[in-house]
4 protein chains.
Amino acid sequence: MQALKTTQISGKIILVPNCNPVGTNIKAGEYTQGRFDPVNGTNWNRGYFYDENQVREFATTVDKSSSLDAIKSEFRQRLSASIEAKLAQPWGLGLAQQLNLKLQKIAVEADVVLDLHNGPVSTRHVYIPEYAKHAAHQFSIPHCIFMPNVFAGALDEACFCTWWLLQDCLSSRFDSEFNFGVEAFTLEMGSQEVIDFAEGEKDALGILGYLASKGVLDNQQYQPAEMQRLGVSLADYKTMFTDFGGMVEYCVKPGQKVKKGEVMARVLNIDNLDDDQAVHSVLAPCDLIPMLHFPSASVLSGTQLYKCFTNYKEL
Amino acid sequence: MQALKTTQISGKIILVPNCNPVGTNIKAGEYTQGRFDPVNGTNWNRGYFYDENQVREFATTVDKSSSLDAIKSEFRQRLSASIEAKLAQPWGLGLAQQLNLKLQKIAVEADVVLDLHNGPVSTRHVYIPEYAKHAAHQFSIPHCIFMPNVFAGALDEACFCTWWLLQDCLSSRFDSEFNFGVEAFTLEMGSQEVIDFAEGEKDALGILGYLASKGVLDNQQYQPAEMQRLGVSLADYKTMFTDFGGMVEYCVKPGQKVKKGEVMARVLNIDNLDDDQAVHSVLAPCDLIPMLHFPSASVLSGTQLYKCFTNYKEL
Amino acid sequence: MQALKTTQISGKIILVPNCNPVGTNIKAGEYTQGRFDPVNGTNWNRGYFYDENQVREFATTVDKSSSLDAIKSEFRQRLSASIEAKLAQPWGLGLAQQLNLKLQKIAVEADVVLDLHNGPVSTRHVYIPEYAKHAAHQFSIPHCIFMPNVFAGALDEACFCTWWLLQDCLSSRFDSEFNFGVEAFTLEMGSQEVIDFAEGEKDALGILGYLASKGVLDNQQYQPAEMQRLGVSLADYKTMFTDFGGMVEYCVKPGQKVKKGEVMARVLNIDNLDDDQAVHSVLAPCDLIPMLHFPSASVLSGTQLYKCFTNYKEL
Amino acid sequence: MQALKTTQISGKIILVPNCNPVGTNIKAGEYTQGRFDPVNGTNWNRGYFYDENQVREFATTVDKSSSLDAIKSEFRQRLSASIEAKLAQPWGLGLAQQLNLKLQKIAVEADVVLDLHNGPVSTRHVYIPEYAKHAAHQFSIPHCIFMPNVFAGALDEACFCTWWLLQDCLSSRFDSEFNFGVEAFTLEMGSQEVIDFAEGEKDALGILGYLASKGVLDNQQYQPAEMQRLGVSLADYKTMFTDFGGMVEYCVKPGQKVKKGEVMARVLNIDNLDDDQAVHSVLAPCDLIPMLHFPSASVLSGTQLYKCFTNYKEL
């Protein structure tokens with residue numbers, strides 16, 4: 001891939017391939033542990049740092065005459081210093097948090113942060129903060145989830161919540177709109193146990209299309225694809241759990257439109273093979289599109305069977 | 001053990017032995033998975049339910065003339081109904097949460113909730129809500145951690161936060177003190193991979209001593225032990241993480257008083273066996289008493305090495 | 001499925017669905033542990049019992065005038081007694097062996113033993129003892145592995161080695177052919193993490209076709225499929241290991257004919273992303289057909305990447 | 001520790017600290033996977049190479065006039081070449097076998113091979129080949145297991161079986177005794193999850209005492225300890241399995257003499273807490289000394305509870 005030519009973007013661009021340095025190497029059985037610390041179950045992607053009060057306080061110190069660039073630069077120093085302080089605390093930090101903070105120190109300097117993930121058995125989808133909704137048309141990903149300004153520990157949230165809140169504070173304080181142009185996304189690039197070089201190349205082209213739309217690259221060569229794009233708000237992105245364990249046949253595929261009442265899965269309870277209760281059907285509670293399903297055919301009660309778009313709209 | 005004779009306690013007493021129905025049976029290697037769901041790392045003990053708004057709203061509906069018993073009874077119905085509603089939600093729930101909510105439905109009816117835990121390699125200690133601080137002298141446990149009114153997902157918190165907030169709301173609304181007499185604690189009963197029937201009998205006698213102090217049992221026979229009791233606030237109960245991985249010798253024992261600067265552990269990095277950097281010493285950053293240490297001699301950077309009392313006081 | 005009508009078969013028929021009572025329930029991460037005891041790695045399917053000396057000694061006691069049925073019946077009593085004795089030994093047995101022996105006690109009474117397995121990511125194939133080679137045309141499975149009279153711990157071997165050796169001993173002692181009509185097979189029914197009810201029905205029909213060919217069922221209704229069948233001797237069924245770890249793209253599918261030198265897999269070493277060494281290609285060392293591949297996209301050096309038919313012949 | 005001064009020993013001395021490069025780093029839960037490959041349960045210490053036929057064939061080629069040193073040197077070249085050939089085979093090897101063979105290539109050149117292990121919860125013991133029985137008095141380890149000339153996959157066996165068989169073949173062929181002076185042992189150095197630097201120093205001194213007894217070191221300074229030593233043949237080193245699962249209290253310690261009928265463990269079945277069947281006692285089936293017990297308090301039926309010396313004798 002040719003070197004990126006940065007133009008209008010003042011900060012760096014960082015692409016974060018699934019940042020699980022321990023998880024990729026550790027096996028328990030034939031499969032990969034993936035996003036959970038095998039020692040204590042910590043999700044490797046939920047230990048990022050966000051201090052709402054720090055943002056609010058900083059906003060009160062901003063001088064109205066400062067340029068956007070000056071504010072960004074000053075704010076980045078503060079963020080970086082607070083991450084350093086956290087990393088240096090005398091009682092230490094857990095492994096996930098250590099790794100997350102080191103990565104976040106780099107991300108603080110970037111105007112574009114793309115966190116590249118994989119799901120269990122999954123179709124392509126992307127998490128987009130509401131304030132950067134236009135980006136849905138710059139990526140070439142058919143399914144978009146729009147995120148509110150709420151921090152739940154992930155890298156994209158740690159980035160966009162920070163700048164979003166600062167913009168809101170300054171806009172309200174000075175009664176004029178502020179836009180620092182910082183964007184952060186999580187791109188879900190398919191199934192965790194499937195590597196496909198050809199699909200990977202398509203994904204890379206899609207990312208170049210986004211960067212071209214931002215003016216970072218020559219936009220003649222790379223362009224967002226023309227395609228149907230569907231969007232939901234985070235509140236309409238629902239997890240479906242099973243109520244019973246057993247061997248499961250997944251009857252619908254990630255990305256497939258499903259009507260209310262259709263059979264999504266059949267769960268076979270091998271303790272009941274002799275009677276009519278052997279097979280339970282899991283029905284769609286409403287019209288939906290599954291984004292991913294659990295990767296194993298053996299499930300316990302309470303397993304996350306599917307995560308689904310509901311109330312989705314064409315963009 | 002003779003049957004308990006309940007007297008003044010209006011609700012039930014529940015004792016919850018480490019509620020990890022899946023965790024106890026599942027092995028990964030020779031040891032037991034314990035408190036983490038092996039599928040996704042969920043802590044089995046952090047999926048309880050607490051709705052602050054529900055408590056605040058209920059407090060506004062209480063009639064000043066109602067008896068304490070009437071308020072308790074009415075409130076319990078509400079709590080129970082909201083747990084039922086959560087269990088019945090159409091998209092289902094994770095396994096830990098299913099199990100937690102079923103247990104919590106029972107706990108809602110109790111005046112005394114004792115959640116019996118084990119730690120990694122651990123000495124006896126107990127979590128006590130600040131409003132029930134007197135209980136430190138009713139148990140026979142040498143180390144007491146006093147909890148603020150903050151919910152972090154555990155059973156004891158789900159119980160005591162609820163009643164504590166209701167008491168505060170009503171006390172403030174009616175300008176007189178309310179005390180429903182509901183208490184909840186987590187008792188840490190030693191090391192997870194050690195069973196000792198004789199120690200278990202002592203633990204049981206200690207619990208009977210507490211129940212006798214509450215007037216539930218004949219207090220001639222069972223009494224709290226005369227012993228030194230040390231206490232800390234939760235903010236002074238600190239986790240010490242390692243900054244480097246390796247093979248570790250634990251140089252101080254759970255329960256042992258340690259002075260600032262003493263060696264708590266030596267970590268041997270087998271990649272550096274030939275040079276002076278092979279062994280790192282972990283020093284006590286202040287005077288402290290470790291309550292527990294990590295159960296394995298092999299640690300990664302970022303492992304929780306010790307959890308420690310600091311700024312502790314004799315009670 | 002209608003009830004089976006047994007006719008010429010004197011003993012029982014047993015079908016053993018993947019006999020991993022612990023393995024099916026235990027999870028380490030999202031996937032299923034499958035055929036390995038999570039405590040100590042024991043393969044659940046390799047703890048069966050075979051005592052060559054017992055068979056040889058029994059053969060010396062057979063009276064020439066005895067009927068086949070009398071010999072079978074007497075031999076089965078001996079086998080059953082020796083399994084009982086092993087189960088009762090005062091120092092106990094490992095879990096896998098306990099379960100295996102209990103199952104084997106049932107199998108001793110059967111004339112047909114079908115052990116139903118799943119592989120990692122796998123196409124259908126069947127293990128057939130050389131002396132029952134004709135069965136390749138009675139099953140409807142495209143890939144057949146012919147087994148020598150060697151015991152390696154599996155259930156089918158424990159069954160067929162026993163009767164095969166007895167036949168050989170008696171044939172040689174009395175200089176006339178003995179055939180007790182006992183057959184045992186392992187049927188590999190596809191991928192371990194895929195449940196597909198429609199495929200399962202086809203598999204069941206194939207088994208009924210075998211039983212009909214044996215005269216157990218009305219052979220008008222159920223018949224072996226007309227299809228290409230390929231066979232190899234066990235010595236030509238080869239395991240391909242990787243020499244390097246990384247993220248792997250499987251370029252050929254189980255069941256696909258591959259020519260010598262074709263790319264079977266590409267392994268991406270993410271530590272070398274910047275140079276030409278990032279991707280290693282794994283080439284076919286000869287003409288072959290993979291039966292199965294490793295189920296994960298993340299492999300260590302020394303991982304069993306594929307198991308392959310080589311020197312296969314049409315039957 | 002001062003540098004070793006080699007004198008009479010012609011080959012190298014190798015000390016192998018528990019050779020589990022993957023096992024030491026991999027965690028499943030808080031503990032360490034230890035001796036089992038987490039992917040497929042392969043024991044890291046059972047993939048060594050021994051080819052009985054190669055030894056027998058070599059013995060037929062030895063010229064009577066050759067010196068011992070010449071025979072050793074020639075034999076080592078053959079062994080080394082056959083290991084190389086195995087490592088280079090076109091279909092590859094499993095990870096454990098790859099690592100084992102690389103280590104064995106080094107061991108082939110050594111006259112003394114010491115494989116340093118840890119057990120679950122364990123006292124010190126040592127495996128000694130029968131032909132080197134005198135070494136029991138050169139080590140300072142109280143418990144000795146004497147090994148027959150049988151290969152079961154371990155490093156010490158791969159070394160001593162090879163030289164032992166060669167000695168036997170040559171002694172029988174030339175009717176005079178051959179002794180190549182090659183010795184190999186497995187030293188069990190205590191519990192796998194306990195690091196104790198002071199104990200480690202004692203263990204190191206014991207090894208120096210053995211080396212001094214062999215004349216490798218100045219034997220004034222380092223000497224075997226005066227102590228009681230107990231020995232058993234491998235056939236009398238017995239594994240005790242449980243017949244039922246539950247929570248277990250280990251009532252006797254590794255190294256403790258136990259009389260027939262004494263209680264060794266109590267297993268609590270928490271499903272039967274209300275009745276008399278809640279606790280099973282595990283009794284000693286004969287006089288014995290446990291060397292190690294299972295490291296967890298939670299056991300399944302079929303767990304290896306203890307490994308024990310029976311019919312032991314003072315040496």
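Cut-off values and rules
- Residues numbered from 1 in each chain as written.
- Chains lettered and ligands numbered in written order.
- Predicted model: local features only at pLDDT ≥ 70, side-chain atom pairs only at ≥ 80, totals over all residues.
- Helix = DSSP H or I, 4+ residues; strand = E, 2+ residues; numbered from the N terminus.
- Rg over C-alpha atoms; globule rule 2.2 N^0.38 Å.
- Buried ≥ 20, exposed ≤ 12 C-beta atoms within 10 Å, placed from the backbone.
- Contact = placed C-beta atoms within 7 Å.
- Nonpolar A, V, L, I, M, F, W, Y, C, P; charged D, E, K, R; others polar.
- Core = buried A, V, L, I, M, F, W, Y, C linked by C-beta atoms within 7 Å.
- Domains from an automatic or database assignment.
- Least-squares fit on C-alpha atoms with pLDDT ≥ 70 in both.
- Axes fitted to C-alpha atoms, helices over the stretch in contact; angles between N-to-C directions.
- Left-handed = near helix turned anticlockwise from the far one by under 90°.
- Parallel < 35°, antiparallel > 145°, perpendicular 65-115°, else oblique.
- Expected span 1.5 Å × (residues − 1).
- Pairing = 2+ DSSP bridges.
- pLDDT = per-residue confidence, 0-100.
- Arc of directions from axis to C-beta.

### Regarding the overall build of chain A
- Secondary structure summary: chain A contains five helices and 15 strands in total.
- Taking 315 residues into account, the globule formula puts the C-alpha radius of gyration at 20 Å, and chain A, at 22 Å, falls close to it.
- When the backbone C-alpha atoms are referred to their principal axes, chain A occupies close to 80 × 50 × 40 Å.
- Put simply, chain A has 315 residues, and 45% of those count as buried.
- When contacts within chain A are restricted to residue pairs at least 6 apart in sequence, long-range pairs at least 24 apart make up 68% of them.

### Here's the deal with the interface of chain A and chain C
- Listed by partner, the interface residues are 24 residues for chain A and 23 residues for chain C.
- Listing elements by their share of the side of chain A that touches chain C, those giving two or more residues are strand E9 (246-250) and strand E10 (263-268) of chain A.
- Looking at the side of chain A that touches chain C element by element, the count peaks at three residues for E9 of chain A.
- Grouping the amino acids of the side of chain A that touches chain C by side-chain chemistry returns twelve nonpolar, seven polar and five charged.

### Focus: the nonpolar core
Residues and elements named next belong to chain C.
- If you look at the biggest cluster of nonpolar residues, it comprises 74 residues, and the most contacted ones within it are Ile 128 and Cys 159.
- Looking at this core, the element that brings in the most residues is helix H4 (residues 155-174), giving nine residues.
- Counting only domains with at least three residues in this core, you end up with domain 1 (12-227) and domain 2 (236-314).
- Discounting residues that sit within four places of it in the chain, Cys 159 has contacts with Ala 107, Val 113, Val 182 and Ala 184.

### Thoughts on the interface of chain A and chain B
- The partner chain B presents 24 residues to the 24 residues of chain A that form the contact.
- Put simply, the parts of the chain that give the side of chain A that touches chain B at least two residues each are helix H3 (95-107) and strand E8 (237-241) of chain A.
- A per-element tally of the side of chain A that touches chain B places E8 of chain A first, with four residues.

### So, the relation of the copies chain A and chain C
- Mapping chain A onto chain C calls for a screw motion: a turn of 180° about the axis and a shift of 0.0 Å along it, with 0.0 Å RMSD after fitting. The symmetry that links the two subunits is that of a two-fold axis.
- Same-surface contact between copies: 96% of interface residues of chain A are shared with the interface of chain C.

### Describing the relation of the copies chain A and chain B
- It takes a turn of 180° to lay chain A on chain B, together with a shift of 0.0 Å along the axis; the resulting RMSD is 0.0 Å.
- Same-surface contact between copies: 100% of interface residues of chain A are shared with the interface of chain B.

### Side note on the domain arrangement of chain A
All names here are of chain A.
- The domain boundaries assigned to chain A delineate domain 1 (12-227) and domain 2 (236-314).
- Computed over C-alpha atoms only, the centres of domain 1 and domain 2 are separated by 30 Å.
- Between domain 1 and domain 2, the contact holds nine residues from the first and nine residues from the second.
- Every element with two or more residues in the side of domain 1 that touches domain 2 is listed here: strand E3 (121-122) and strand E5 (143-147).
- Taken together, the residues of the side of domain 1 that touches domain 2 break down into three nonpolar, five polar and one charged.

### Let's talk about the packing of helix H1 (residues 52-61) of chain A against helix H4 (residues 155-174) of chain A
Residue and element names in this part refer to chain A.
- Taken N-terminus to C-terminus, the directions of H1 and H4 make an angle of 35°; their axes are 9 Å apart at the nearest point. Handedness of the crossing formed by H1 with H4: right-handed. Residues Glu 52, Val 55, Arg 56, Phe 58 and Ala 59 of H1 form the contact with H4, whose participating residues are Thr 162, Leu 165, Leu 166, Cys 169, Leu 170 and Arg 173.
- Grouping the amino acids of the contact of H1 with H4 by side-chain chemistry returns seven nonpolar, one polar and three charged.

### Some points on the packing of H3 of chain A against H4 of chain A
Residue and element names in this part refer to chain A.
- Running from amino to carboxyl end, H3 crosses H4 at an angle of 40°, the nearest separation of the two axes being 11 Å. By the criterion of interaxial angle, the relationship of H3 to H4 is oblique. Seen along the crossing, H3 lies across H4 with a hand that is right-handed. Contacts from Leu 103, Gln 104 and Ala 107 of H3 reach H4 at Leu 155, Ala 158 and Cys 159.
- Classifying every residue of the contact of H3 with H4 gives five nonpolar, one polar and no charged.

### Some details on helix H5 (residues 197-213) of chain C
Residues and elements named next belong to chain C.
- Its 17 residues give H5 an end-to-end C-alpha distance of 25 Å, which sits within 8% of 24 Å, the value for a rise of 1.5 Å per residue.
- Taken together, the buried positions of H5 are occupied by Gly 206, Ile 207, Leu 208, Gly 209, Tyr 210 and Leu 211.
- The secondary structure elements touched by the buried residues of H5 are strand E2 (110-119).
- Gly 215 sits one or two positions beyond H5 and adopts a positive phi of about 85°.

### Description of the sheet that holds strand E8 (residues 237-241) of chain D
- Ordered by their spatial adjacency, four strands build an open sheet running E3-E12-E14-E8 (chain D), and the pairing between neighbours is antiparallel. Two strands close off the open sheet at either side, each with one partner strand: strand E3 (121-122) and E8 of chain D.

### Considerations on the environment of Glu 84 of chain C
Residues and elements named next belong to chain C.
- Mapped onto the secondary structure, Glu 84 falls in helix H2 (residues 68-87).
- On the basis of neighbour counts, which here come to 11 C-beta atoms within 10 Å, the residue Glu 84 falls in the exposed class.
- Between the C-alpha atom of Glu 84 and that of Leu 101, which follows or precedes it by 17 residues, the distance is 8.3 Å.

### With respect to the confidence of the model for chain A
All names here are of chain A.
- Across chain A, the average pLDDT comes to 89, with 90% of residues at or above 70.
- Within the model, pLDDT remains below 50 along residues 1-10, and this stretch shows 15 contacts once partners closer than five positions in the same chain are excluded.
- The ipTM value of the predicted complex is 0.88, and its pTM value is 0.90.

### So, the sheet that holds strand E9 (residues 246-250) of chain B
Residue and element names in this part refer to chain B.
- If you trace the four strands from one edge of the open sheet to the other, you get E11-E10-E9-E13, paired in antiparallel fashion. Strands at the two margins of the open sheet, each flanked by one partner only, are strand E11 (279-283) and strand E13 (298-299).
- Pairing between E9 and strand E10 (residues 263-268): four bridges, direction antiparallel. When the sheet's bridge partners are listed, Glu 249 is paired in E10 with Arg 266.

### Examining H2 of chain C
Residues and elements named next belong to chain C.
- Counted at 1.5 Å a residue, the expected span for H2 with its 20 residues is 28 Å, and the 28 Å between its end C-alpha atoms agrees.
- Residues Phe 75, Leu 79 and Ile 83 constitute the buried set of H2. Looking straight down H2, one finds that the buried residues subtend no more than 75° of arc, so they occupy a single side. Of the exposed residues in H2, the ones pointing more than 90 degrees away from its buried face are Ala 70, Gln 77, Ala 81, Glu 84 and Ala 85.
- Lining the buried residues of H2 we find helix H1 (52-61), helix H3 (95-107) and H4.

### Let's talk about unusual backbone geometry
- The phi angle at Asp 175 of chain A is positive, at roughly 55°, despite the residue not being glycine.
- The phi dihedral of Asn 311 of chain C is positive, around 50°, even though this residue is not glycine.
- Along the chain, the position of Asn 311 of chain C falls in the loop between strand E14 (304-309) and strand E15 (313-314).

### What about the environment of Gly 92 of chain C?
- When you line up the elements, Gly 92 of chain C lands in the loop between H2 and H3.
- In this structure Gly 92 of chain C comes out as buried when scored by C-beta crowding, with 21 C-beta atoms within 10 Å.
- On a C-alpha basis, the gap between Gly 92 of chain C and Leu 305 of chain C in space is 37 Å, while along the polypeptide they are 213 residues apart.
- Discounting residues that sit within four places of it in the chain, Gly 92 of chain C has contacts with Met 240, Phe 241, Thr 242 and Asp 243 of chain D.

### Overview of the environment of Tyr 48 of chain B
All names here are of chain B.
- Here Tyr 48 shows up in the loop between strand E1 (12-17) and helix H1 (52-61).
- Judged by the 24 C-beta atoms lying within 10 Å of it, Tyr 48 falls in the buried class.
- On a C-alpha basis, the gap between Tyr 48 and Thr 239 in space is 23 Å, while along the polypeptide they are 191 residues apart.
- Setting aside chain neighbours within four positions, we find Tyr 48 in contact with Asn 100, Gln 104, Gly 153, Ala 154, Leu 155 and Ala 158.

### Focus: the pairing of strand E6 (residues 183-191) of chain A
Residues and elements named next belong to chain A.
- Burial within E6 is extensive, with nine of its nine residues counted as buried.
- Here strand E2 (residues 110-119) runs beside E6; their pairing, made up of seven bridges, is parallel. Opposite Asp 115, over in E6, you have Thr 186 as the bridge partner.
- Sheet topology places strand E4 (residues 125-129) next to E6; three bridges connect them, and they run antiparallel. Bridge assignment links Tyr 127 to a residue of E6, and that residue is Thr 186.

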